[in-house]
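# Analysis of the macromolecular model
Here is how the chains run, residue by residue.
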Amino acid sequence: MNQFTIERANQFIEENKHLVNPQYRPQVHFTAPIGWINDPNGFIFYQGEYHLFYQHYPYDAIWGPMHWGHAKSKDLIHWEHLPVALAPDKDYDLGGCFSGSAIEKDGKLWLMYTGNIQNEQGEPRQIQNIAVSEDGIHFEKIAQNPVLTEADLPEGIVPADFRDPKVFEKDGKYYAVIVARHVDGVGCVLLYSSDDLIDWQYESIFLKGTKEQGEMWECPDYFNLDGVDTLLMSPMRFERDDLSHHNLNTTVVVKGKVDWEKKEFIPEQWDELDHGHDFYAPQTLEDDQGRRIMIAWMNTWGRNNVTKELDHQWAFSMTMPRVLNWRDNQFTQTHVLTEAHLAAETMDDFSTNQAKLLVLQPKKQADFELRVGSANDYVSIRYEKDGNAVYLDRENLRIDLSGEENEPVNQRGFRVKEAQLAKLEIILDTNSIELITNDGTATLSSNIYLGEGIEPVVTLWNGDVEITSYVIQ
Ligand code: FRU
């Protein structure tokens, strides 16, 4: 009998979700009903609603044999939990149903995901599988699985690191970008094609990285946005550059051009996608309004797990979804909050127990500092005119959030792309902060855990800044 099944997972969640301690649970960031989450998977607009699947281990607040959790939403802010979609219950995914994506075909919802397994010699292998649903809730793994194995790899690829398929359609054909480790010790994106989502052919090495660009990449996403070929990825051990890539597991947005004859992505420009401590494995969808929307795991590998240490029975969340664009050659990420989600409040009757959007407008181009928390347990958000940079500093939090990277672990920052910081938006939600500058030209996402009884009071510590606050509802 299989140890892990969908039925067992759903029953466990139903019977145990009341045990979750809500102290640090965010209000508008997505979290699982109980247990652990990592990457967003299968993010898709399907039959009028946004569906989000995610890497999930329901039985403990730690990474374990991966299931796919599932939820849906009408507005990307309020989510309804659905039954677990995939459990690692077949010999082609026994070590975990790893990350993957979704696509609609003939009205059905198709998932392509990585099966993490061991071969007969006990060596790790990663292979690709398909599951299909008629109702968008119950998924059937197809009889033809696995649909891609090490036999489908080009020369020079390590078969233990071949994962995270992202499917898309182009000119009536299906394609999948899948990451892999090259024996040269660099990351690769491989391109596969299919007419029916079942029978897949190897096409090309879409992109091969250099040593500076990381030893392996994870979770690729390719799309053409506003006329620009765009690749998102999560590289491991990308070389640091000024304030960028201080996390050992970082994320990049690569602007380029695809040569569809050769099926190669020609990169032109690499940028860090988000500059915070806690942002990884983003995935995008295109909705019925033609918006390209991204959501990411609001954590990265190697951080300590505060809610597990405190036995709160859950761990980690997603970021808020963001709309992506290329505007005047500049990549932008804007939040999806509309007037209907925002209720203005004054700083005098500022309630500390609700998620907020704060909009800061500096009255002059000068340093400022905002603190969230109490006098001796706070996170600091600073603008420094010298260097034109924004920083978030966790040094004065009493609950230490370490990481496996070299110093500085506490501080993250970025240089403002424009000559001036005209606007800084702050999304503050219980245990997390997301910063967005100047209508989306840079973002920074970091978790914070204020000590027991400490409220997230917002204080302008220094500077001349106008602050408008909205409760997110
Ligand atoms: C990224 C990742 C993926 C993998 C999944 C396993 O965070 O390592 O590459 O599919 O998590 O949970």
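Refer to the structure above for everything that follows.
So, here is what we can say about the structure in this document. Note that the structure is a prediction, hence the values are computed from the model and not measured.

This paragraph deals with the sheet that holds strand β7 (residues 124-133). Taken in spatial order, the four strands line up as β5-β6-β7-β8 in an open sheet, and their pairing is antiparallel. Of all the strands in the sheet, the pair left with one neighbour each is β5 (97-105) and β8 (140-141). Looking at chain direction, β7 and β8 are connected through two bridges and run antiparallel. Looking at β8, one finds that Val132 is bridged to Glu140.

On to the packing of aromatic side chains. Enumeration according to the criterion identifies 30 aromatic pairs in this entry. For the ring pair Phe238 and Trp270, a centre distance of 6.1 Å and an interplane angle of 40 degrees mean the geometry is tilted. Here Phe238 is found in the loop between β14 (228-236) and β15 (252-259), whereas its partner Trp270 is found in strand β16 (residues 264-272), with 32 residues between them in sequence. A residue is classified by how much of its surface remains accessible, and Phe238, at 14% relative accessible area, is buried. On the accessibility criterion, Trp270 (22% relative accessible area) is partly exposed. Ring-pair connections join several aromatic residues into one group, and the members of that group are Phe168, Tyr175, Phe206, Tyr222, Trp260 and Phe265. Cation over ring: Arg8 sits above Tyr59, and NZ or CZ is 4.4 Å from the ring centre. A cation sits over an aromatic face here: Arg25 above Trp314, 5.1 Å from the ring centre.

A few words now on the site of the ligand. For the ligand, the full set of nearby residues is Asn38, Asp39, Gln55, Trp63, Met66, Phe98, Ser99, Arg163, Asp164, Glu218, Tyr280 and Trp301. Residue Glu218 places a side-chain N or O atom 2.8 Å away from an oxygen atom belonging to the ligand. Trp301 places a side-chain nitrogen or oxygen 2.9 Å from an oxygen atom of the ligand. Contact with the protein chains removes 95% of the 320 Å² of surface that the ligand exposes when unbound. Listed by contribution, the elements that provide at least two residues to the shell around the ligand are β1 (35-46), β5 and β9 (157-170).

Here we come to the nonpolar core. One finds Val189, Phe206, Leu231, Ile381, Ile426 and Ile433 to be the most contacted residues of the largest nonpolar core, which totals 95 residues. Counting contributing residues per domain, this core is built from domain 1 (6-331) and domain 2 (337-472), each supplying no fewer than three. Those residues in contact with Val189, other than ones at most four positions away along the chain, are Val177, Ile178, Val179, Ser204, Ile205, Phe206, Leu207, Trp217, Pro220, Leu231 and Met233.

About the criteria used
Residues numbered from 1 in each chain as written. Predicted model: local features only at pLDDT ≥ 70, side-chain atom pairs only at ≥ 80, totals over all residues. Heavy atoms only, no water. Pairing = 2+ DSSP bridges. Helix = DSSP H or I, 4+ residues; strand = E, 2+ residues; numbered from the N terminus. Phe/Tyr/Trp six-rings, centres within 6.5 Å; stacked < 30°, edge-to-face > 60°. Buried < 20%, exposed > 50% of the residue type's maximum accessible area, 1.4 Å probe, protein only. Lys NZ or Arg CZ within 6 Å of the ring centre and 35° of its normal. Near = heavy atom within 4 Å. Polar contact = N/O pair within 3.5 Å; in protein donor to acceptor, adjacent residues only side chain to side chain. Areas by Shrake-Rupley, 256 points an atom, 1.4 Å probe, with all protein chains shown as cover. Core = buried A, V, L, I, M, F, W, Y, C linked by side-chain atoms within 4.5 Å. Domains from an automatic or database assignment. Contact = heavy atoms within 4.5 Å.

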